[in-house]
Amino acid sequence: MSDDASGRESQGALIHALESLHVWLERAFRIATGSAFAVLIIAVTVQVAGRSFVGASPVWTEELTRFALLYLAACGTGLALGSGDLVDVDIVRSAVPAPVARAMRLLGLAATAALCAALLPAAWLYTHIGARQTSPALGWRMDWLHASMLVLLASLGLFALLSMIRVLGGRE
């Protein structure tokens, strides 16, 4: 087998592995996003039912709603970027030739990945600080809540990198 053929074969295996990783991550984050949404629906339902029928809702519902919203955003943002549903300035990209639009997409994805990587240490520190605090109503350690920022930055950065690979490979 020639070096060129083995190079293409290993490149194909790498692309296949990255595509499998992308599919797995997408499934995992869809489940996480759906779970956060389900928790949000349940907490709001309990809140509304309490206010409507009892006159007051449990205190913990307000806190749980906020936690669920944070994780909903944290888990869903990377998915939205990967699917192209995240807010974008596509009106500009649609007005330029395809190669320029592709370059703009790559530049945006690279900037997103770089910014996420730059912010990860601060998010880690923020999460670490939360270990010394608890939420008032639920009594949960706040590092679990603060970790939503780590999830957001890590998933957004990872989906940006995977999208860059797809654009470079001509699959997006």
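Predicted model only: the values in this text are computed from it and were never measured. Position labels on residues start from 1 in each chain and follow its written sequence. Given that the model is predicted, a residue must reach a pLDDT of at least 70 before its local features are reported, and side-chain atom pairs must reach 80 or more before they are shown or counted; all residues, however, enter totals for whole chains, interfaces and linings. In computing side-chain properties, one takes all heavy atoms of the structure into account and sets aside hydrogens as well as water.

*Asks:* Can you walk me through the packing of aromatic side chains in this structure?
*Replies:* Two measures describe an aromatic ring pair: the distance that separates the ring centres and the angle between the ring planes. Two rings belonging to Phe, Tyr or Trp (six-membered ring only in the last case) form a pair when the distance between their centres is within 6.5 Å. Interplanar angles under 30 degrees mark stacking, angles over 60 mark edge-to-face geometry, and anything in between is tilted. Counted according to the given criterion, the structure contains 2 aromatic pairs. Taken together, a centroid distance of 5.8 Å and an interplanar angle of 80 degrees make the contact between Phe29 and Phe159 edge-to-face. On the criterion of sequence distance, the pair formed by Phe29 in helix H1 (residues 3-54) and Phe159 in helix H5 (residues 142-168) is long-range, its members being 130 residues apart. On the basis of relative accessibility, which here comes to 16%, the residue Phe29 falls in the buried class. Measuring from centroid to centroid gives 5.7 Å for Phe67 and Trp140, while their planes differ by 35 degrees, and the two rings are tilted. The helix and strand labels rest on DSSP assignments: H or I over at least four residues marks a helix, E over at least two residues marks a strand, and numbering proceeds from the N terminus. Type-normalised accessible area, obtained with a 1.4 Å probe on protein chains alone, sets the label of each residue: buried when under 20%, exposed when over 50%, and partly exposed for intermediate values.

*Asks:* How should the environment of Leu21 be read in this particular structure?
*Replies:* Residue position: Leu21 is located in helix H1. Relative accessible area serves as the criterion here: at 34%, Leu21 is assigned to the partly exposed category. Put simply, Leu21 and Leu162 are 141 residues apart on the chain and 9.0 Å apart in space, counted from C-alpha to C-alpha.

*Asks:* I tried to follow the pattern of salt bridges on my own but got confused; where do I start?
*Replies:* We count a salt bridge whenever a side-chain nitrogen from Lys or Arg sits within 4 Å of a carboxyl oxygen from Asp or Glu. Taken as a whole and assessed by the stated rule, the structure comprises 4 salt bridges. For Glu26, the salt bridge goes to Arg30, with nearest N and O atoms at 3.5 Å. Taken as a pair, Glu26 and Arg30 lie in helix H1 at a separation of 4 residues, close to a single helical turn. In this structure, Asp143 and Arg141 form a salt bridge, with 2.4 Å as the shortest nitrogen-oxygen distance. Classification of Asp143 by relative accessible area gives buried; the value is 11%.

*Asks:* It is not clear to me how a nonpolar patch on the surface should be interpreted in this structure. Could you clarify?
*Replies:* Taken together, the side chains of Ile91, Val92, Val100 and Met104 define a hydrophobic patch exposed on the protein surface, amounting to about 330 Å² of accessible area. Put simply, the parts of the chain that give the nonpolar patch at least two residues each are helix H3 (90-94) and helix H4 (98-130). Its location among the elements puts Met104 in helix H4. For Met104, a relative accessible area of 32% translates into the label partly exposed. Like-charged residues are merged into a patch within 9 Å and nonpolar side chains (Val, Leu, Ile, Met, Phe, Trp, Tyr) within 5 Å, provided each residue has over 30% relative accessible area and no salt bridge. Accessibility throughout is a Shrake-Rupley quantity obtained with a 1.4 Å probe, and a residue counts as covered only by protein chains that appear here.

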